[in-house]
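Per-entry structural report
One letter stands for each residue in the lines below.
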Amino acid sequence: MKELTHYIGGEHVKGTSGRFSDVFNPATGEVQAKCPLASTEEFGKAVDIAAAAQPKWGATNPQRRARVMMEFVRLLNRDMDKLAEALSAEHGKTFPDAKGDVQRGLEVVEYCIGAPQLLKGEFTDSAGPGIDMYSMRQPLGVTGGITPFNFPAMIPMWMFAPAIACGNAFILKPSERDPSVPLMLAELMEEAGLPKGILQVVNGDKESVDAMLDHPVVQSIGFVGSTPIAEYIYGRGCSNGKRVQCFGGAKNHMIIMPDADMDQAADALIGSGYGAAGERCMAISVAVPVGDETADRLIEKLVPRIEKLKVGPYTAGDDVDYGPVVTAEAKKKILGLVEKGIEQGAELVVDGRDFSLQGYEDGFFVGPHLFDKVKPDMDIYTQEIFGPVLSTVRAGSYEEALGLAMDHEYGNGTAIFTRDGDAARDFANRINIGMVGVNVPIPVPLAYHTFGGWKKSAFGDLNQHGPDAFKFYTRTKTVTARWPSGIKDGGEFNFKAMD
Ligand code: NAD
């Protein structure tokens, strides 16, 4: 049995707490590794190392820090297949999807190469007689992040790349379900030239999370995961005086107007509803066709497409549409909610409950499900299922469809499919959701914009990546300076390289 490690002070370090969790191969159901769960003391050691290393890194000029990011991008491309392979093996997602996971993180690293430009301050010449005023952005010190299982490459990079480009040290507590890729990323950052102790990986569960929340040296915490944990971390972190941003769960609605291209809408729903087995925070889990005729046409288009979906292990080739879910527990929860949906009166149009894959009977595969006539008070509508289950809620009008998405407690992403520019514009303006797609089902903003939901999908006031990340990972200091007199000699006439 492979025993995974922490990555502390530039070395792979064995866990000493005596506590471990199982890392599964979701396709076979077998345990493939043991992940150490750090104690408060082990976490504290990483903080001490980070605190000792950070001042020098923070004082390194931003262009040099950016060069580490540049080299890291090269190494990510070099090792893309290796990273994607390790990711698929622990998470279960298909190989092309695993590469996408690395790629969308890599793009944020590319954005961070702009650190010298992004960290430039503000300057007012002669704010008063002989007075100049300037603002600078300084690193926070030791920062930390807690990440979910569903994007084990992308989300850690969304956090540590801007944190480190800004001059901070960063301690990552990744998901204990798929910790191997985060460990590989930490190694690659050092190969790219990052000093030891600036990026560390401490594996663990609630104990190490609480250690991060309570440690006085940790200045900021980024969290991505489910909403109950997001609320907990936000509350405890803020009351401990830290800067905290937490991103939670989702229930993303796609409104399908009667004038939409129904083939395009159905294709979009297949990819966004069932891709990655529905384990994406930007997955569409609710289809809202406007009018019964639209709903009937949509269902008619969806059913044959769903029946053609190929579910299998990532090793079965690139034509697999989606893989297993992450654990047996996740599978049980999903199938439990499907039963609840039937009990509460929703119509199960495509039933994936009996799905089984020859040779992989113990894998965590879940067949695709489609519900019709789902009502807003049903559990399958109020709760995040996080599996390959698409619910259809029929709306009588555009206003009713808009109201459904507005009234749901989550507000991560949404989409409208229509040919009517006026409806699309009205939707984008009025909806109380953070990321909106117009004829685009998964509107994940690119690295140079910011990512974040509203309502119970996010806590805190700054989004992930883009310009917001450079605000989150720095503090502003403003200097008002007066120089009453001087001798004005001793000029330097030769160009010198900056050290
Ligand atoms: P999770 O909340 O179970 O775990 C997330 C992290 O929190 C993990 O590192 C885990 O070890 C830690 N954790 C779990 N229980 C804890 C506890 N009691 N105390 C302290 N820490 C704890 O989430 P998950 O199952 O890994 O990920 C799926 C969830 O993440 C879904 O709800 C999904 O919507 C959400 N998600 C949101 C976004 C976003 O940007 N909004 C992105 C990806 C995933």
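By the naming in an unreviewed UniProt entry, the protein chain goes by methylmalonate-semialdehyde dehydrogenase (CoA acylating) and is assigned to Roseovarius indicus.

Structural notes on the domain arrangement of the protein chain
Domain boundaries in the protein chain define domain 1 (2-248 + 457-480) and domain 2 (252-438). Distance from the C-alpha centre of domain 1 to the C-alpha centre of domain 2: 31 Å. Going through the elements one at a time, helix 3 (80-91) and helix 4 (95-112) are the ones with two or more residues in the side of domain 1 that touches domain 2. It is helix 4 that contributes the most residues to the side of domain 1 that touches domain 2, three residues altogether. Within the side of domain 1 that touches domain 2, the residues separate by chemical class into seven nonpolar, eight polar and three charged.

A word on the confidence of the model for the protein chain
With 98% of its residues at a pLDDT of at least 70, the protein chain reaches an overall mean of 97. The complex model carries a pTM of 0.96, and its ipTM stands at 0.99.

Looking at the sheet that holds strand 15 (residues 347-350)
Pairing is mixed across the open sheet formed by seven strands, whose spatial order is 15-16-17-14-13-19-20. Edge strands, defined here as strands with exactly one partner in the open sheet, are strand 15 and strand 20 (435-438). Averaged over all pairs of adjacent strands, the angle between their axes in this sheet comes to 20°, without regard to strand direction. Helix-sheet contacts for helix 14 (residues 398-407) involve strand 13 (252-256), strand 14 (284-289) and strand 19 (413-417), and the interaxial angle to strand 13 is about 175°.

Description of helix 12 (residues 328-343)
Because the α-helix completes a turn every 3.6 residues, residues three or four places apart line up on one side. Look at helix 12: 23 Å from first C-alpha to last across 16 residues, which is about the 22 Å you get at 1.5 Å a residue. Considered for burial, the residues of helix 12 that qualify are Ala330, Lys331, Ile334, Val338 and Gly341. Around the axis of helix 12, the buried residues are gathered within 105° of arc, so they sit on the same side. Residues of helix 12 that are exposed and point more than 90 degrees away from the buried face comprise Glu329, Gly336 and Glu343. Contacts made by the buried residues of helix 12 are with strand 15, strand 16 (369-372), helix 13 (379-382) and strand 17 (389-392).

Here we look at the site of the ligand
Around the ligand, a shell composed of 26 residues is seen, among which Pro148, Gly225, Ser226, Gly249 and Cys281 lie nearest. Counted by class, the shell around the ligand contains 11 nonpolar, 10 polar and five charged residues.

Quick notes on the pairing of strand 16
The two faces of strand 16 match: His369 and Phe371 on one face and Leu370 and Asp372 on the other face are all buried. Judged from the three bridges that link them, strand 15 and strand 16 form a sheet pairing that is antiparallel. Within strand 16, the position partnered with Glu347 by the bridge is Asp372. Summarising the sheet, strand 16 and strand 17 pair through three bridges and their orientation is parallel. Along strand 17, the bridge assignment pairs His369 with Val389.

Focus on the sheet that holds strand 23 (residues 474-482)
Spatial strand order, 6-7-23: three strands in an open sheet with antiparallel pairing. The two strands at the open ends of the sheet, each matched to only one other strand, are strand 6 (122-128) and strand 23. Neighbour to neighbour, the strand axes of the sheet diverge by 25° on average, direction disregarded. In terms of strand pairing, strand 7 (residues 131-139) meets strand 23 through nine bridges, oriented antiparallel. Bridge pairing in strand 23 places Tyr134 opposite Val479.

Things to note about the packing of helix 4 against helix 6 (residues 154-165)
At a minimum axis distance of 8 Å, the contact between helix 4 and helix 6 shows a crossing angle of 10°. Taken together, helix 4 and helix 6 sit at an angle that is classed as roughly parallel. Every pair of crossing elements has a handedness; the one defined by helix 4 and helix 6 is right-handed. When helix 4 is examined against helix 6, the residues Asp101, Arg104, Gly105, Val108, Val109 and Cys112 are found in contact with a partner set consisting of Met154, Met157, Trp158, Ala161, Pro162 and Ala165. Within the contact of helix 4 with helix 6, the residues separate by chemical class into nine nonpolar, one polar and two charged.

Topic: the packing of helix 3 against helix 4
For the pair helix 3 and helix 4, the least separation of the axes is 8 Å and the interaxial angle reads 115°. Judged by the inter-axis angle, helix 3 sits roughly perpendicular to helix 4. Where helix 3 crosses over helix 4, the handedness of that crossing is right-handed. Here Met80, Leu83, Ala84, Leu87 and Ser88 of helix 3 lie close against helix 4, whose contacting residues are Phe95, Ala98, Lys99, Asp101 and Val102. Within the contact of helix 3 with helix 4, the residues separate by chemical class into seven nonpolar, one polar and two charged.

How each quantity is defined
- Residues numbered from 1 in each chain as written.
- Predicted model: local features only at pLDDT ≥ 70, side-chain atom pairs only at ≥ 80, totals over all residues.
- Domains from an automatic or database assignment.
- Helix = DSSP H or I, 4+ residues; strand = E, 2+ residues; numbered from the N terminus.
- Nonpolar A, V, L, I, M, F, W, Y, C, P; charged D, E, K, R; others polar.
- pLDDT = per-residue confidence, 0-100.
- Pairing = 2+ DSSP bridges.
- Axes fitted to C-alpha atoms, helices over the stretch in contact; angles between N-to-C directions.
- Contact = placed C-beta atoms within 7 Å.
- Expected span 1.5 Å × (residues − 1).
- Buried ≥ 20, exposed ≤ 12 C-beta atoms within 10 Å, placed from the backbone.
- Arc of directions from axis to C-beta.
- Near = placed C-beta within 6 Å.
- Parallel < 35°, antiparallel > 145°, perpendicular 65-115°, else oblique.
- Left-handed = near helix turned anticlockwise from the far one by under 90°.

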